[in-house]
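The residues making up each chain are set out below.
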Amino acid sequence: MNVDSAKMLCSAKTCCLKGSVTVPGDKSISHRALMLGATAIGETAITGLLESEDVLNTAKAMAALGARIERYRDGTWKLRGCGVGGYSEPADIIDFGNSGTGVRLCAGLVATTAIKTAFTGDESLNTRPMGRITDPLRLFGATIDTRKGGRLPMRIKGAKDPIPVEYVLPVASAQVKSAILLAGLNVPGKTTIIEPVATRDHTEKMLAGFGADISISEKPDGRHITVQGCKELKACAITVPGDPSSAAFLIVAALITDNSEITIENMMLNPSRIGLVTTLMEMGADIKISNRRIRGGEEMGDITVRSSSLEGITVPADRAPSMIDEYPVLAIAASFAKGLTRMEGVGELRVKESDRLAVVSQGLTANGVTNRTGSDWMEIEPGNTVTGGATVKTSMDHRIAMAFLVMGAGADKPVCVDDGAIIDTSFPGFADLMNSLGCKINNNGNI
Ligand code: S3P
């Protein structure tokens, strides 16, 4: 492997993680807050926005569509939106970097407004499937051209006279659901999505908060979500809670190191996002949640985690949507457990920022952990110790980098990742925050 030493990060065995911290704002909510603020009438104020590369790319995209965006010194972001159907045509191609959420949701926003846009991304994003959003967005009347295989770059000619759509989600994907709901905002009539398996519901919740005409009903074939289009959104204030997908790395680090006890304050506890907490508790993790409250329509609370001896379990397929981004770090927890862990129904991991089943499997094997994978499952059979000692190829995937740095905190020998810089797409300050708790992560190999 060719490794650029300036980007490499290593993590060494440690113990006794201690402290009370917060993690940066939730990525899903941050993208959506910018997009709805850019569409609403009036001034939207966002506090706690995640200022990571992915979200900053979405902010730039919203500015390119005509929203006025300002960041204040205290970290508050204020937006003046364009109104439903009011985006202007961007002067250039919009680059979403590494972010599937940014590009897919934004495609929905522009698909029903009569403007032309062109979207691209980095090497990882440009290999990810866009057919899952271009198929339903074409039903509204948008004309969309992609590269072969439905890949980016793509160009979208928004429908001049969009028509309402009823669509059954063929994959359990909040990105697809959200793209369709956002497209429905500028359509005369009702757009309905039928979601056979529930996925994260931040778009629905936030649309309601912005005064959209949205209704949800549970039926035998799934959740029916209907939005009545051509109604203006009203600007509002948003406080972004801590991201449970970022907290996941701290949680597992505390579990696998001796004599640790940490608290993560203000973490979002939306049930559609905390499947990892359920799973780790089934594995025997000592996790306590306190101070539960609801802010801006989202549940949040403080979570205290202590070192625990974990047991392997089978994680059922129907839990996958509520922890879809957490399987890489679950694989690390499972490497330190007693007995076999099996993850079922995780085929979607093959089309994330990397093929996460393949990349996790390679990283585990290189660090002495026996594992097996199939098209949509993974099994981890830990030995007595996790040897560590290898450098893991991150394949432009922030969650692979963070997961294996967590492994290093518990492994016998240090674990390195070839690209620590990619972490900035979702979790700026990751290494500093982990080190403030007692981790030993650095980039000079001197660990
Ligand atoms: C996200 C949805 C998930 C998740 C991604 C963020 C969102 O993707 O993996 O990191 O904000 O809607 P899918 O909808 O493709 O499962």
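Residues numbered from 1 in each chain as written. Predicted model: local features only at pLDDT ≥ 70, side-chain atom pairs only at ≥ 80, totals over all residues. Heavy atoms only, no water.

Points about the overall build of the protein
Piece 1. Each helix and strand in the protein was counted, giving 12 helices and 24 strands.
Piece 2. Relative to the 2.2 N^0.38 estimate, which gives 22 Å for 447 residues, the radius of gyration of the protein is 21 Å and therefore close to what a compact globule would have.
Piece 3. With 447 residues in all, the protein has 59% of them scored as buried.
Piece 4. Considering only residue pairs separated by 6 or more positions, the protein has 76% of its internal contacts joining residues 24 or more positions apart.
Piece 5. Here the protein displays about 16600 Å² of accessible surface, and carbon together with sulfur accounts for 49% of that area. (Helix = DSSP H or I, 4+ residues; strand = E, 2+ residues; numbered from the N terminus. Rg over C-alpha atoms; globule rule 2.2 N^0.38 Å. Buried < 20%, exposed > 50% of the residue type's maximum accessible area, 1.4 Å probe, protein only. Contact = heavy atoms within 4.5 Å. Areas by Shrake-Rupley, 256 points an atom, 1.4 Å probe, with all protein chains shown as cover.)

Regarding the state of the cysteines
Piece 1. Counting across every chain of the model gives two disulfides.
Piece 2. At a sulfur-sulfur separation of 2.2 Å, the disulfide partner of Cys10 is Cys416. Torsion about the S-S bond of the Cys10 and Cys416 cystine: about 105°, corresponding to right-handed handedness. Placement of Cys10 in strand E1 (residues 9-12) and of Cys416 in strand E23 (residues 415-417) is noted, with a sequence separation of 406 residues between them.
Piece 3. In this structure Cys10 comes out as buried when scored by relative accessible area, which is 4%.
Piece 4. Between the sulfur atoms of Cys15 and its disulfide partner Cys16 the distance amounts to 2.2 Å. Every disulfide takes its handedness from the sign of the S-S torsion; for Cys15 and Cys16 that torsion is -70°, giving left-handed.
Piece 5. The class for Cys15 is partly exposed, based on a relative accessible area of 35%. (Disulfide = S-S within 2.5 Å.)

Structural notes on the site of the ligand
Piece 1. Around the ligand, the neighbouring residues are Lys27, Ser28, Arg32, Thr101, Ser173, Ala174, Gln175, Arg200, Ile324, Asp325 and Lys352.
Piece 2. Note that an oxygen atom of the ligand is positioned 2.7 Å from one of the side-chain N or O atoms of Arg32.
Piece 3. Within the contact set of the ligand, an oxygen atom lies 2.7 Å away from a side-chain nitrogen or oxygen of Lys352.
Piece 4. At the level of elements, helix H1 (27-37) and helix H5 (174-184) are the ones that each hand at least two residues to the shell around the ligand.
Piece 5. Of all the elements, H1 adds the most residues to the shell around the ligand, at three residues.
Piece 6. Taken together, the residues of the shell around the ligand break down into two nonpolar, four polar and five charged.
Piece 7. The residues that make up the shell around the ligand include at least three from each of domain 1 (9-24 + 241-443) and domain 2 (27-239). (Near = heavy atom within 4 Å. Polar contact = N/O pair within 3.5 Å; in protein donor to acceptor, adjacent residues only side chain to side chain. Nonpolar A, V, L, I, M, F, W, Y, C, P; charged D, E, K, R; others polar. Domains from an automatic or database assignment.)

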